[in-house]
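# Inside the fold
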Amino acid sequence: MSEFIEKMPKCELHVHLEGTLEPEHIFELAQKNGVELEYDSPQAVIDAYDFNDLPSFLAIYYAGMNVLQTEQDFYDLTYRYFERASADNVRYVEPFFDPQGHTTRGVTFETIIDGIVRAQKDAAEKLGVESNLIMCFLRDMSAESAMEHLEMAKPHLDKIIGVGLDSDEKDNPPLKFAEVFAKAREWGLKLTMHCDVDQDNSVSNIRDVVTKIEVDRIDHGVNSLEDDALCDEIVRRGLGLTVCPVSNTFCASSLTAEEIRTMLQKGMRATVNSDDPAYFRAYMTDNFKALSEQGGLTDDELVQLSRNAFTVSWLDDARKQSYIEALDAYVEAARAA
Ligand code: HPA
Ligand code: ZN
């Protein structure tokens with residue numbers, strides 16, 4: 001079973017590149033860039049990872065990313081993630097990045113995107129891992145700042161497939177960014193938004209994300225299960241939900257395996273993702289294994305979750321189809337063996 005999960009072709013649609021920054025790399029970059037750290041070893045950094053909800057996680061996440069300064073730093077961050085993903089047989093990724101986490105520290109938009117895009121090209125060529133980038137806005141910053149960053153991205157629209165919304169949801173509902181997302185859509189970008197688990201007004205926020213913002217996908221979105229009509233609408237629209245099981249054990253105190261199973265039974269297109277794997281100490285295979293070993297999900301359910309991810313990705317239909325065929329061929333060969 002374990003080997004079957006490891007080698008299964010995978011697609012990751014919810015991973016924050018800044019959330020893939022490993023403690024060893026934090027250390028290396030702090031030394032190189034002359035950033036002072038409070039910790040004296042990578043293990044001490046891990047030992048300080050003390051989070052039990054979204055705000056406590058975000059405080060540590062933003063502290064970590066301060067060491068990222070040069071184009072090469074963003075390249076190395078991104079390329080190392082792709083290497084790690086490749087080891088889990090992740091074939092296609094739509095990674096997030098948080099430009100405002102860096103421009104607010106004086107790093108230019110070009111420094112960030114040039115490093116990331118160069119790594120994407122190398123990963124496609126050398127590792128065979130294909131990707132398309134999603135730019136996220138920090139929802140605890142202003143709508144004006146989000147709009148400024150959308151404008152900054154204008155010369156780079158060929159490098160970005162969509163926009164997302166992350167950071168602290170409390171008092172930062174989706175409609176705060178309605179105008180920004182409307183403009184992004186006008187510019188041909190796909191839309192997704194975080195609807196983190198067990199937030200204030202989770203259900204009505206998800207309803208707004210679906211029916212008012214009219215997103216193309218939902219990040220997390222587990223609380224939609226509390227409203228049958230909302231679930232029906234998500235199914236009717238064929239929307240994908242990017243669930244992050246191990247992340248949920250930290251930020252929402254459950255693996256949400258039962259919720260994922262319920263989504264599958266309702267025909268909702270749930271997917272499995274790592275979110276911030278360096279912080280939650282779990283990459284894609286680890287997330288699938290947790291669902292299998294602790295959550296009791298079956299082989300068929302895991303395959304369906306992987307198939308869903310390729311299906312709700314923003315690739316064109318021919319590319320989707322070729323990945324899904326590869327997944328089906330893998331499953332068939334594994335069953336025959
Ligand atoms: N939710 C909100 N903000 C985030 C997350 C998340 O899962 N990961 C990184 N920033
Ligand atoms: Zn996330």
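Described in the following lines is the structure provided in the data block.

## Thoughts on the site of ligand 1
Near ligand 1 you find His16, Leu54, Phe57, Leu58, Tyr61, Asp166, Ser167, His194, Asp196, His220, Asp275 and Asp276, and these make up its full shell. Backbone polar atom of Ser167 to a nitrogen atom of ligand 1: 2.8 Å apart, as the coordinates give it. Asp276 is positioned with one of its side-chain polar atoms (N or O) 2.8 Å from a nitrogen atom of ligand 1. Here ligand 1 loses 99% of its free accessible area of 260 Å² to cover by the protein chains. The cavity that encloses ligand 1 is the largest cavity.

## Overview of the pattern of salt bridges
As enumerated under the stated definition, the model contains 23 salt bridges in all. Within the structure, one salt-bridge network assembled from shared partners comprises Glu214, Glu233, Arg236 and Arg237.

## Side note on the side chain of Thr103
With respect to the helices and strands, Thr103 occurs in helix H6 (residues 100-103). Exposure remark for Thr103: the relative accessible area of 19% places this residue in the buried category. Setting aside anything within four residues of it in sequence, one finds Thr103 in contact with Phe109, Ile112, His149 and Met152.

## Thoughts on the sheet that holds strand E2 (residues 90-93)
Read from one edge to the other, the open sheet built from three strands follows the order E1-E2-E4, with strand pairing classed as parallel. Since the sheet does not close on itself, it has two edges, and those belong to strand E1 (10-12) and strand E4 (130-131), each with one partner. Two elements, E2 and E4, share two bridges in a ladder whose sense is parallel. Across the sheet, the residue bridging to Tyr92 is Glu130, located in E4.

## Overview of the coordination of the zinc ion (ligand 2)
Coordination sphere of the zinc ion (ligand 2), protein contribution only: His14 (NE2), His16 (NE2), His194 (NE2) and Asp275 (OD), at 2.1 to 2.3 Å. In primary-sequence terms, the residues that donate to the zinc ion (ligand 2) follow H-x1-H-x177-H-x80-D. Placement of His194 in strand E7 (residues 190-195) and of Asp275 in the loop between strand E10 (269-272) and helix H14 (277-280) is noted, with a sequence separation of 81 residues between them. Asp275 matches His194 in its accessibility class, with the two residues each being buried.

## Here we look at empty space enclosed by the protein
Unfilled space is identified by rolling a water-sized probe across the atoms. In the structure shown here, the tally under the stated rule is two cavities of 30 Å³ or more. Of the pockets and cavities examined, the largest cavity occupies roughly 120 Å³. Contributing to the lining of the largest cavity are 15 residues, with His16, Leu54, Phe57, His194 and Asp276 lying nearest its centre. When contributions to the lining of the largest cavity are tallied by element, the ones reaching two or more residues are helix H4 (54-65) and helix H12 (245-251). Considering each element in turn, the lining of the largest cavity owes the most residues, four residues, to H4. Here the residues of the lining of the largest cavity sort into six nonpolar, five polar and four charged. Looking at the second largest cavity, its volume works out to about 40 Å³. In this structure, the second largest cavity is lined by Leu54, Asp196, Val197, Gln199, His220, Ser247, Asn248, Cys251 and Ala252.

## Re the sheet that holds strand E5 (residues 133-138)
Pairing is parallel in the open sheet, where seven strands are placed in the order E3-E5-E6-E7-E8-E9-E10. Every other strand in the sheet has two partners, leaving strand E3 (96-97) and E10 as the edge strands with one partner each. Bridge count between strand E6 (residues 160-166) and E7: two bridges; the pairing is parallel. Paired with Gly162 across the strands is Lys190, a residue of E7.

## Section: the layout of surface pockets
Roughly 280 Å³ of internal volume is contained in the largest pocket. For the largest pocket, the lining is made up of 15 residues, of which Leu37, Tyr39, Ile60, Ala63 and Gly64 are closest to its centre. In terms of residue count, H4 provides more of the lining of the largest pocket than any other element does, three residues in total. Approximately 200 Å³ is the volume attributed to the second largest pocket. Of all the secondary structure elements, the ones that give two or more residues to the lining of the second largest pocket are helix H7 (109-127), E4 and E6. With four residues, H7 is the single largest residue contributor to the lining of the second largest pocket. Of the residues assigned to the lining of the second largest pocket, the class counts are six nonpolar, three polar and four charged.

Reading the values: rules and limits
Residues numbered from 1 in each chain as written. Chains lettered and ligands numbered in written order. Predicted model: local features only at pLDDT ≥ 70, side-chain atom pairs only at ≥ 80, totals over all residues. Heavy atoms only, no water. Near = heavy atom within 4 Å. Polar contact = N/O pair within 3.5 Å; in protein donor to acceptor, adjacent residues only side chain to side chain. Areas by Shrake-Rupley, 256 points an atom, 1.4 Å probe, with all protein chains shown as cover. 1 Å grid on protein atoms, 1.4 Å probe; cavity = no way out; pocket = protein on both sides within 12 Å on 5 of 7 lines; lining within 4 Å. Sits in = over half its atoms within 2 Å of the grid points. Salt bridge = Lys/Arg side-chain N within 4 Å of Asp/Glu carboxyl O. Helix = DSSP H or I, 4+ residues; strand = E, 2+ residues; numbered from the N terminus. Buried < 20%, exposed > 50% of the residue type's maximum accessible area, 1.4 Å probe, protein only. Contact = heavy atoms within 4.5 Å. Pairing = 2+ DSSP bridges. Donors = N, O, S within 2.8 Å, 3.2 Å for Na, K, Ca; no water. Points joined across faces, edges and corners; volume = space filled by probe spheres on them. Nonpolar A, V, L, I, M, F, W, Y, C, P; charged D, E, K, R; others polar.

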